[in-house]
Amino acid sequence: MPHADLLAHLPFVKDLDHLIDMKHRWRVSVAALNYALHKIGVISDWRYRGFYIELNKIGRTVEPKGIEAETSLVWAKILKTLWREGTTLAYIAKELYVPEKELSNMLFGIASPVADGPPAKGSLRLVD
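In this report, we go over the structure that sits alongside the text. Note that the coordinates shown come from a computational prediction; the quantities given were computed from them, not determined experimentally.

## Section: the environment of Trp75
Among the secondary structure elements, Trp75 is positioned in helix H5 (residues 73-84). Between the C-alpha atom of Trp75 and that of Leu107, which follows or precedes it by 32 residues, the distance is 7.4 Å. For Trp75, the contacting residues outside a window of four places in its chain are Leu107 and Ile110.

## Quick look at the packing of aromatic side chains
Following the criterion strictly, the structure yields one aromatic pair and no others. Considering the side-chain rings of Tyr48 and Tyr52, the 5.1 Å spacing of their centres and the 90° angle between planes classify their relative orientation as edge-to-face. With Tyr48 and Tyr52 both in helix H4 (residues 45-58), this residue pair falls four residues apart, about one helical turn.

## A word on unusual backbone geometry
One non-glycine residue, Arg27, lies in the positive phi region at around 55°. For Arg27, the position within the fold is in the loop between helix H2 (16-26) and helix H3 (30-39).

Conventions and cut-offs
Residues numbered from 1 in each chain as written. Predicted model: local features only at pLDDT ≥ 70, side-chain atom pairs only at ≥ 80, totals over all residues. Heavy atoms only, no water. Helix = DSSP H or I, 4+ residues; strand = E, 2+ residues; numbered from the N terminus. Contact = heavy atoms within 4.5 Å. Phe/Tyr/Trp six-rings, centres within 6.5 Å; stacked < 30°, edge-to-face > 60°.

Here you go:
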């Protein structure tokens, strides 16, 4: 988050709800926004700690007004090409020595297996 952009859009913070509403602009967590604003001096040490206390009451595993996860357009294109060639997610995972489910998680869920079995071309290659 660029400091100038933070200062332009959040020169002051009314309360935690204000932070929660503004986090969507930068697509970050409330905790990250709280930290960034404290670092550039928009909020004091006292308010910084106070916001963290409030966030901990909500729960550290739940992000208030969460945003959808980003997806990679590049990986989507690569995987489309591989699927057309008959390469499966299971095969890619096997070649990378990574469990298939973990590979899917690393690719933000954009990969979905097509079919089991060996790929049509026989090996992975770089796609432009």
